[in-house]
Amino acid sequence: MQGIDHRTTTPTGPVVWILSSGEDYEGGTVLGVYATKDAAKGAFVQAARGIPFAVDKAWQDQDGAVHARGGCDWVSLEPHQLITRTELT
(Lines give C-alpha, C1' and ligand atoms only; values in the text may rest on other atoms or scores of the structure.)
Protein backbone atom coordinates (compact mmCIF):
# COMPACT_ATOMS: atom_id res chain seq x y z
CA MET A 1 0.00 0.00 0.00
CA GLN A 2 1.37 3.39 -0.90
CA GLY A 3 2.63 5.47 2.03
CA ILE A 4 1.93 2.91 4.75
CA ASP A 5 4.71 1.32 6.79
CA HIS A 6 4.00 -2.41 7.10
CA ARG A 7 5.52 -3.44 10.39
CA THR A 8 6.95 -6.92 10.77
CA THR A 9 7.59 -6.84 14.52
CA THR A 10 5.22 -6.53 17.43
CA PRO A 11 5.55 -3.35 19.53
CA THR A 12 6.74 -3.83 23.10
CA GLY A 13 5.04 -2.19 26.08
CA PRO A 14 1.52 -0.73 26.17
CA VAL A 15 -0.19 -0.69 22.78
CA VAL A 16 -3.12 1.26 21.32
CA TRP A 17 -4.87 0.29 18.10
CA ILE A 18 -5.33 3.07 15.56
CA LEU A 19 -8.09 2.78 12.98
CA SER A 20 -7.54 4.89 9.87
CA SER A 21 -8.86 5.16 6.35
CA GLY A 22 -7.93 7.03 3.24
CA GLU A 23 -7.20 7.05 -0.43
CA ASP A 24 -3.88 6.42 -2.14
CA TYR A 25 -2.02 9.66 -2.90
CA GLU A 26 -4.55 11.65 -0.81
CA GLY A 27 -3.47 10.63 2.69
CA GLY A 28 -5.65 9.29 5.44
CA THR A 29 -7.71 10.12 8.50
CA VAL A 30 -7.61 8.62 11.98
CA LEU A 31 -11.08 7.27 12.70
CA GLY A 32 -10.41 6.13 16.25
CA VAL A 33 -7.93 4.95 18.86
CA TYR A 34 -8.76 1.79 20.80
CA ALA A 35 -7.34 0.11 23.88
CA THR A 36 -7.61 -3.36 22.32
CA LYS A 37 -7.91 -4.88 18.88
CA ASP A 38 -11.17 -6.55 19.93
CA ALA A 39 -12.67 -3.19 20.90
CA ALA A 40 -11.99 -1.90 17.37
CA LYS A 41 -13.35 -4.86 15.38
CA GLY A 42 -16.84 -3.46 14.87
CA ALA A 43 -15.55 -0.05 13.81
CA PHE A 44 -13.06 -1.69 11.42
CA VAL A 45 -15.82 -3.74 9.76
CA GLN A 46 -18.05 -0.66 9.47
CA ALA A 47 -15.22 1.39 7.93
CA ALA A 48 -14.38 -1.42 5.49
CA ARG A 49 -18.03 -1.59 4.43
CA GLY A 50 -17.81 2.15 3.72
CA ILE A 51 -15.17 1.65 1.03
CA PRO A 52 -16.99 2.87 -2.10
CA PHE A 53 -15.61 0.07 -4.30
CA ALA A 54 -15.77 -3.66 -3.68
CA VAL A 55 -13.05 -4.81 -1.28
CA ASP A 56 -10.53 -6.55 -3.52
CA LYS A 57 -7.83 -7.27 -0.95
CA ALA A 58 -7.73 -7.90 2.80
CA TRP A 59 -4.79 -9.12 4.90
CA GLN A 60 -3.20 -9.29 8.33
CA ASP A 61 0.43 -8.36 9.05
CA GLN A 62 2.72 -10.28 11.39
CA ASP A 63 2.16 -7.65 14.11
CA GLY A 64 -1.61 -8.28 14.03
CA ALA A 65 -2.50 -5.19 11.98
CA VAL A 66 -5.41 -5.73 9.59
CA HIS A 67 -6.08 -3.97 6.31
CA ALA A 68 -8.81 -3.84 3.67
CA ARG A 69 -8.58 -2.22 0.29
CA GLY A 70 -10.95 -1.51 -2.57
CA GLY A 71 -9.63 0.31 -5.61
CA CYS A 72 -7.47 3.10 -4.22
CA ASP A 73 -9.37 3.33 -0.90
CA TRP A 74 -8.10 1.59 2.22
CA VAL A 75 -8.85 0.97 5.90
CA SER A 76 -6.22 -0.11 8.43
CA LEU A 77 -6.22 -1.11 12.08
CA GLU A 78 -2.65 -1.01 13.37
CA PRO A 79 -0.95 -1.39 16.76
CA HIS A 80 1.17 1.52 17.96
CA GLN A 81 3.27 1.60 21.08
CA LEU A 82 1.87 3.98 23.70
CA ILE A 83 4.47 6.39 25.08
CA THR A 84 3.84 6.76 28.80
CA ARG A 85 6.72 9.01 29.79
CA THR A 86 9.10 11.55 28.33
CA GLU A 87 11.79 9.95 26.21
CA LEU A 88 15.25 11.45 26.20
CA THR A 89 17.23 11.34 22.99
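Residues numbered from 1 in each chain as written. Predicted model: local features only at pLDDT ≥ 70, side-chain atom pairs only at ≥ 80, totals over all residues. Heavy atoms only, no water.

So, about unusual backbone geometry. In this structure, Tyr 25 is a non-glycine residue whose phi angle is positive, near 70 degrees. In this structure, Tyr 25 sits in the loop between strand 1 (15-23) and strand 2 (27-34). (Helix = DSSP H or I, 4+ residues; strand = E, 2+ residues; numbered from the N terminus.)

With that settled, the discussion passes to the pattern of salt bridges. Under the defined criterion, the tally for this structure stands at two salt bridges. When the shortest N-O distance is used, the salt bridge between Asp 24 and Arg 69 registers 2.3 Å. Of this pair, Asp 24 sits in the loop between strand 1 and strand 2 while Arg 69 sits in strand 4 (residues 66-70); the two residues are 45 residues apart in sequence, bridging distant segments of the chain. (Salt bridge = Lys/Arg side-chain N within 4 Å of Asp/Glu carboxyl O.)

Positionally, Ser 76 belongs in strand 5 (residues 73-81). Side-chain polar atoms of Ser 76 contact the side chain of His 67, separated by 2.7 Å. (Polar contact = N/O pair within 3.5 Å; in protein donor to acceptor, adjacent residues only side chain to side chain.)

With respect to the element layout, Gly 64 can be found in the loop between strand 3 (57-60) and strand 4. As for Gly 64 and Lys 37, which are separated by 27 residues in sequence, their C-alpha atoms are 8.6 Å apart. Discounting chain neighbours no more than four positions away, the residues touching Gly 64 are Trp 17 and Lys 37. (Contact = heavy atoms within 4.5 Å.)

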